[in-house]
Amino acid sequence: MPDAALLAVFIPTFFFVSITPGMCMTLAMTLGMSIGVRRTLWMMLGELTGVAIVAIAAVLGVASIMLNYPQVFEVLKYAGGAYLCYIGINMWRAKGKMAIVDPKLAQVNQADSSSSQIQAKVPAKVSTKVPAKVSRTTLISQGFITAIANPKGWAFMISLLPPFISVDKAVAPQLAVLLGIIMVTESVSMLAYAAGGKSLRLFLTRGDNIRWLNRIAGSLMIAVGIWLALG
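Because the structure is predicted, anything quoted here is derived from the model rather than measured.

Reading the values: rules and limits
Along each chain, residue indices are assigned from 1 in the same order as the chain's sequence is written. Predicted model: local features are reported for residues with pLDDT of at least 70 only, side-chain atom pairs are reported and counted for 80 or more only, and whole-chain, interface and lining totals are derived from all residues. Excluding hydrogens and water, the side-chain values take into account all heavy atoms of the structure. Helix and strand assignments follow DSSP, with helices taken as H or I runs no shorter than four residues and strands as E runs no shorter than two, numbered in order from the N terminus. Exposure categories follow from relative accessible area, calculated using a 1.4 Å probe and restricted to protein chains: below 20% of the type maximum is buried, above 50% is exposed, and the middle band is partly exposed. Any pair of residues with heavy atoms lying within 4.5 Å of one another is described as a contacting pair. Method for areas: the Shrake-Rupley scheme with a 1.4 Å probe, in which residue coverage is limited to the protein chains shown. To obtain each axis, a line is fitted to C-alpha atoms, and for helices this fit is confined to the stretch in contact; angles are then taken between N-to-C directions over 0 to 180 degrees. Each helix crossing is assigned a hand: it is left-handed if the near helix lies turned anticlockwise from the far helix by less than a right angle, otherwise right-handed if that turn is clockwise. What counts as a ring pair is set by centres within 6.5 Å for rings of Phe, Tyr and Trp (its six-membered ring), and what kind of pair is set by the plane angle: stacked under 30 degrees, edge-to-face over 60, tilted for all other angles. What a helix is expected to span follows from its residue count: subtract one and scale by 1.5 Å. Values of bend correspond, residue by residue, to the angle between axes fitted over the seven residues ending at that residue and the seven starting there. Buried Ala, Val, Leu, Ile, Met, Phe, Trp, Tyr and Cys residues form a nonpolar core when they are joined through side-chain atoms within 4.5 Å. The predictor attaches a confidence to each residue, called pLDDT, with possible values from 0 through 100. Throughout, the term roughly parallel applies to angles under 35 degrees, roughly antiparallel to angles over 145, roughly perpendicular to angles from 65 to 115, and oblique to all others. Three categories are distinguished: nonpolar for Ala, Val, Leu, Ile, Met, Phe, Trp, Tyr, Cys and Pro, charged for Asp, Glu, Lys and Arg, and polar for the others, with Gly belonging to the last.

If you tally the helices and strands in the protein chain, you get eight helices and zero strands. Secondary structure elements in the protein chain, listed N-terminal to C-terminal, are α-α-α-α-α-α-α-α. By the burial criterion, 44% of the 231 residues in the protein chain qualify as buried. At a minimum sequence separation of 6, the contacts of the protein chain that also span at least 24 residues come to 79%. For the protein chain, the exposed area adds up to about 11,800 Å²; of that, 65% sits on carbon and sulfur atoms.

And the structure:
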């Protein structure tokens, strides 16, 4: 199990990054308003599965480098720290706009209902007109693809997770604890967005609320990046 001091850093960092509006969170909010929270859970299942795969692959890959190529890991450590600082600076500079989901986000391919897919895009205007008859498989696939096909998600996990894993201890128990925290945090965040609906959207688009969320998360990312590079 990771040290309590490491968890005290990891939990708030990942929480604020997770709760900050992004593609997965706005997707959950849009589906929650249009097809209901209960059916949105299927999308969440796919998203959580994808996040778990990315996290496990990131930790095992970097842990292997740490054990077999320590010099390469030193370079990766500095690169990861720089990338986390880069993310944090970008979050600080963000203008506080939500990534809104297009009405075409959930268009069903009527030509073949057995293989219908949701087509995800990130345009400028919001819509909650999602077809009611979207299969569970389609929702799961959309969540899974959104999580696993994002190269920034891979880079983020590779940069953030390894510093919280000690190669002097068994990797599996540490990974299990971190993965459990990630799953709980992502689940709570997506449920909040899916259930919050219009009220949450109004809150996030009012004043500088998103900007402050971005700045809190960005500050934590910069701090962790510096800690990673110097630690």
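With that settled, consider the packing of helix H3 (residues 37-68) against helix H5 (residues 136-148). H5 packs onto H3 with a crossing angle of 35° between their chain directions and a minimal axis gap of 7 Å. Of the two elements, H3 crosses H5, and the hand of that crossing is right-handed. Residue-level inspection shows Arg39, Trp42, Met43, Leu45, Gly46, Glu47, Thr49, Gly50, Val51, Ile53 and Val54 of H3 in contact with H5, the latter providing Arg136, Leu139, Ile140, Gly143, Phe144, Ala147 and Ile148.

Our next topic: the packing of aromatic side chains. Aromatic ring pairs are reported here in terms of the distance separating the ring centres and the angle at which the planes meet. For the coordinates displayed, the defined rule picks out two aromatic pairs. Here the aromatic rings of Phe10 and Phe14 are separated by 5.8 Å at their centres, their planes lie at 20°, and the arrangement is stacked. Residue Phe10 and its partner Phe14 are located together in helix H1 (residues 4-19), separated by four residues, close to a single helical turn. For the pair Phe10 and Phe14, one class covers both residues: buried. Seen in terms of ring centroids, Phe15 and Phe16 are 5.3 Å apart; in terms of plane orientation they differ by 75°. Their pairing is edge-to-face. A residue is classified by how much of its surface remains accessible, and Phe16, at 23% relative accessible area, is partly exposed.

The next thing to look at is the environment of Ala229. Along the chain, Ala229 turns up in helix H8 (residues 209-230). Given the relative accessible area of 17%, Ala229 is considered buried. Along the primary structure Ala229 and Ala79 are separated by 150 residues, whereas in three dimensions their C-alpha atoms are 8.1 Å apart. Ignoring anything within four residues of it in the chain, the contact list for Ala229 reads Lys77 and Tyr78.

The next point concerns the environment of Phe144. For Phe144, the location among the structural elements is in helix H5. Owing to a relative accessible area of 26%, Phe144 belongs among the partly exposed residues under this scheme. C-alpha of Phe144 to C-alpha of Leu48: the two residues are 96 residues apart in sequence and 7.3 Å apart in space. If we skip the residues at most four places from it in the chain, Phe144 touches Gly46, Glu47, Thr49, Gly50 and Ile53.

Attention now goes to H3. Here H3 spans 46 Å end to end across 32 residues, near enough to the 46 Å set by a 1.5 Å rise per residue. Considering bend angle alone, the principal kink of H3 is centred on Met43 and spans about 25°.

Okay, the nonpolar core next. Judged by nonpolar contacts, the single largest core of 46 residues is most densely connected at Phe10, Met43, Phe156, Met157, Leu160, Leu161 and Ile182. Mapped onto this core, the elements with two or more residues apiece are H1, helix H2 (23-34), H3, helix H4 (70-93), H5, helix H6 (151-160), helix H7 (171-205) and H8. When residues no more than four places from it in sequence are discounted, the contact partners of Leu161 are Phe10, Ala55, Val59, Leu178 and Ile182.

Time to look at H4. The end-to-end C-alpha separation of H4 is 34 Å, in line with the 34 Å expected for 24 residues at 1.5 Å each. Those residues of H4 lying buried are Phe73, Lys77, Gly80, Gly81, Leu84, Cys85, Ile87, Gly88 and Met91.

Further remarks concern the confidence of the model for the protein chain. Summing up the model confidence of the protein chain, the mean pLDDT is 75 and the portion of residues at 70 or higher is 78%. Per-element mean pLDDT across the protein chain ranges from 76 in H8 up to 89 in H5. In this model residues 98-130 is a low-confidence stretch, pLDDT under 50, and it forms 73 contacts with partners more than four residues away in sequence or in other chains.

Okay, the packing of H2 against H5 next. The interhelical angle for the contact between H2 and H5, taken along N-to-C directions, is 160°, at an axis separation of 10 Å. As far as their axial angle goes, H5 and H2 are roughly antiparallel. In terms of crossing hand, the pair formed by H2 and H5 is right-handed. Along the contact surface, H2 presents Met23, Cys24, Leu27 and Leu31, while H5 presents Leu139, Gln142 and Thr146. In terms of residue class, the contact of H2 with H5 is made up of five nonpolar, two polar and no charged.

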